[in-house]
Amino acid sequence: MGAEVVVEGLTKSFGRQTIWRDVTLTLPPGEVSVMLGPSGTGKSVFLKSMIGLLKPDRGKCVVNGVDVVSCSESRLYETRKLFGVLFQDGALFGSMNLYDNVAFPLREHTRKSETEIKRIVLEKMDMVGLAGAEKKLPGEISGGMRKRAGLARALVLDPEIILCDEPDSGLDPVRTAYISQLLIDLNAQVDATILIVTHNINLARTVPDNLGMLYRRELVMFGPREVLLTSDEPAVQQFLNGSRFGPIGMSEEKDVATLAAEQELADSGHHDGSAEELTGVVPQLQPTPGLPERMGVRRRKDRVMSILHSLPPAAQESIIESLTPEDQQRYGVRPHMATATAAATVPAGHRPSPAPRPPQAGERFQGDLSGVAEIPQSPWRPPHQQGPGGGA
Ligand SMILES: Nc1ncnc2c1ncn2[C@@H]1O[C@H](COP(=O)(O)OP(=O)(O)O)[C@@H](O)[C@H]1O
Ligand SMILES: [Mg+2]
């Protein structure tokens, strides 16, 4: 099983420019998480900070008990080996063929024999669908293949955590769908913790167990995918719909006057050129038939059900609906429970969650809220927010 990553109060600036502040989230072990964010919000900077390539100003990023922000160089060197990173451009050596590119970390960081290296390289290249392309140079292959090669190279040291920087960038929608499937398949096979940063909405809707968004130099939210996908937060909605109307502007957030003018346009029926409105939670991608079941999905179910009462009603509803009738019974939940409770007990404008249900005998409730971040300027707050990783 992959390692847990606990990020706490992470803040990064370059000179006087704050990129993001106070980012707190936990990547649950072996689950797939996606961090969405408009271009330039610091997604790549976030990944680089997690592996100690950039030094944040404040905060922690703890992996296996080691804080990569404050540890010694030698500790950092060791901890970095737990990570496999797919950089945005694939970061392949142009003069080396794919085989040598993929073999590079093994030759650099291990004392394995060339026979052993060959076995691993061919295995990983096969895993990403590149069997037979070993002799090709990066310049001779398509962008999609370069991403796959970068992914194979990220896999050779058997990482516990895989970070992918925009695995979809520069790919057409079909190739993006293939890479999405590949990431889910890899997770099923190696059970590593995966974090993908992207601005691709389709990928964000279909791939992850957990979803977050960076915006206005803050983590808008991070938690089970259903929370963000059912959110009525304007910035989240605008982003998910790829719309021009909303708080996110061409290069910065918009002012009140611009927002009012847009609202007028929208009210008068003006279309802003976005794709048709997508709403709600779509089914999550499953591993290709024949591959093992994702263990992360199983663990996530228990984890999410243990924090269910702390989530907004719409997210609760969506999670309950996704359960089989057997699971609904096992967890003691039923459809429309969350929204009915919210409507019955709550004055308009407030949306607290139903009262927590005590764990039933035989259930493994862990009471861990670390995966849920609050939404700035939102009426909704998690009722019992606690520090990440601080098991209840
Ligand atoms: N090494 C650096 N020095 C100074 N500024 C940087 C550096 N790296 C990134 N930035 C700035 O940080 C911001 C976020 O960049 P980045 O993480 O690449 O955004 P994203 O990946 O979300 O598109 C940008 O304004 C960029 O100019
Ligand atoms: Mg980037």
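Residues numbered from 1 in each chain as written. Chains lettered and ligands numbered in written order. Predicted model: local features only at pLDDT ≥ 70, side-chain atom pairs only at ≥ 80, totals over all residues.

Turning to the overall build of the protein, a few remarks are in order. A count of helical and extended segments in the protein gives 14 helices and 10 strands. Residues classed as buried in the protein amount to 43% of the 392 residues present. A separation of at least 24 residues holds for 70% of the contacts in the protein among residues at least 6 apart in sequence. (Helix = DSSP H or I, 4+ residues; strand = E, 2+ residues; numbered from the N terminus. Buried ≥ 20, exposed ≤ 12 C-beta atoms within 10 Å, placed from the backbone. Contact = placed C-beta atoms within 7 Å.)

A separate point is the sheet that holds strand E9 (residues 210-215). Spatial ordering of the open sheet is given by E6-E7-E8-E3-E9-E10, a layout of 6 strands whose pairing is mixed. At either end of the open sheet lies a strand with only one pairing partner, and these are strand E6 (83-86) and strand E10 (218-224). Each neighbouring strand pair of the sheet contributes to a mean axis angle of 15°, computed without reference to strand direction. Strand direction decides the pairing type here: strand E3 (residues 32-36) and strand E8 (residues 193-198), joined by 5 bridges, are parallel. Its bridge partner being in E8, Met35 is matched across the sheet by Val197. Against the sheet, helix H1 (residues 43-50) makes contact with E3, strand E7 (161-165), E8 and E9, and its axis sits at roughly 155° relative to E7, the strand it touches most. (Pairing = 2+ DSSP bridges. Axes fitted to C-alpha atoms, helices over the stretch in contact; angles between N-to-C directions.)

Within the largest apolar cluster, 90 residues are counted, with the highest numbers of intra-cluster contacts made by Val5, Cys61, Val102, Ile161, Leu163, Leu183 and Met213. Apart from the residues lying within four places of it in its own chain, the contact partners of Val102 are Val121, Lys124, Met125, Ala149, Ala152, Arg153 and Val156. (Core = buried A, V, L, I, M, F, W, Y, C linked by C-beta atoms within 7 Å.)

The next subject is helix H6 (residues 173-190). Over its 18 residues, H6 extends 26 Å from the first C-alpha to the last, a length consistent with the 26 Å expected when each residue adds 1.5 Å. Among all positions of H6, only Thr176, Ile179, Ser180, Leu183, Ile184, Asp185, Leu186 and Asn187 are buried. Asp191 occupies a position one or two residues after H6 and carries a positive phi of about 55°. (Expected span 1.5 Å × (residues − 1).)

Listing the buried residues of helix H3 (residues 98-109) in full gives Leu98, Tyr99, Asn101, Val102, Ala103 and Leu106. Looking at the buried residues of H3, the elements they touch are helix H4 (114-127) and helix H5 (143-155).

Residues in close proximity to ligand 1 include Phe14, Ile19, Gly37, Ser39, Gly40, Thr41, Gly42, Lys43, Ser44 and Val45, which together make up its full environment. Ranked by residue count, the leading element in the shell around ligand 1 is H1, at 3 residues. Here the residues of the shell around ligand 1 are counted per class, giving 3 nonpolar, 6 polar and 1 charged. (Near = placed C-beta within 6 Å. Nonpolar A, V, L, I, M, F, W, Y, C, P; charged D, E, K, R; others polar.)

The backbone of Asp191 shows a phi angle near 55°, a positive value even though the residue is not glycine. Within the secondary structure, Asp191 is located in the loop between H6 and E8. The phi dihedral of Arg216 is positive, around 50°, even though this residue is not glycine. The topology assignment puts Arg216 in the loop between E9 and E10. Look at Arg216 and you get partly exposed, because 16 C-beta atoms sit within 10 Å.

Secondary-structure assignment places Tyr178 in helix H6. Sequence separation between Tyr178 and Asp168 is 10 residues; the distance between their C-alpha atoms is 9.6 Å.

In this section: the environment of Glu233. Looking at the secondary structure, you find Glu233 in the loop between helix H8 (225-229) and helix H9 (234-241). Here the alpha-carbon distance between Glu233 and Val220, two residues 13 residues apart in the chain, equals 9.2 Å.

Two faces, one strand: in a regular strand the side chains alternate between the faces of the sheet. The element E9 is extensively covered by neighbouring structure, given that 6 of its 6 residues are classed as buried. Here E9 shows two buried faces, one formed by Asn210, Gly212 and Leu214 and the other by Leu211, Met213 and Tyr215. Sheet topology note: the E3/E9 ladder contains 4 bridges and is parallel. The residue of E9 that forms the bridge with Ser33 is Asn210.

This part is about the sheet that holds strand E1 (residues 5-14). The strands making up a sheet are joined through hydrogen bonds of the backbone, oriented either antiparallel or parallel. One open sheet accounts for 4 strands, arranged E2-E1-E4-E5; its pairing is antiparallel. Every other strand in the sheet has two partners, leaving strand E2 (17-27) and strand E5 (66-67) as the edge strands with one partner each. The pairing of strand E4 (residues 58-63) with E5 spans 2 bridges and is classified as antiparallel. From the neighbouring strand, Val62 faces E5, where its bridge partner is Asp67. Sitting on the sheet, H1 touches E1, E2 and E4, and the angle it makes with E1 is about 120°.

Mapped onto the elements of the fold, Asp168 is located in the loop between E7 and H6. Sequence spacing of Asp168 and Ser180 is 12 residues, and the spatial spacing of their C-alpha atoms is 8.2 Å. The contacts of Asp168, once residues within four sequence positions are left out, are Thr176, Ile179, Thr198, Asn200 and Leu203.

This paragraph deals with the confidence of the model for the protein. In this model, the protein carries an average pLDDT of 83, and 82% of its residues clear a pLDDT of 70 or more. Taken element by element, the predicted model of the protein shows its lowest mean pLDDT in helix H14 (residues 337-345) (65) and its highest in E1 (97). Scored below 50 in pLDDT, residues 346-392 shows 87 contacts in the model against residues more than four places distant or in partner chains. (pLDDT = per-residue confidence, 0-100.)

The next point concerns the pairing of E3. Counted residue by residue, E3 has 5 buried out of 5 residues, so it is predominantly covered. Side-chain alternation along E3 places Val32, Val34 and Leu36 on one buried face and Ser33 and Met35 on a second face that is also buried.

All right, on to the packing of H3 against H5 then. For the pair H3 and H5, interaxial distance at closest approach is 7 Å and the crossing angle is 30°. By the angle between their directions, the pair H3 and H5 is classed as roughly parallel. With respect to the hand of their crossing, H3 and H5 are arranged in right-handed fashion. Side by side, H3 and H5 meet where Leu98, Asn101, Val102, Phe104 and Pro105 of the first sit next to Ala149, Ala152 and Arg153 of the second. Its residues assigned to classes, the contact of H3 with H5 comprises 6 nonpolar, 1 polar and 1 charged. (Parallel < 35°, antiparallel > 145°, perpendicular 65-115°, else oblique. Left-handed = near helix turned anticlockwise from the far one by under 90°.)

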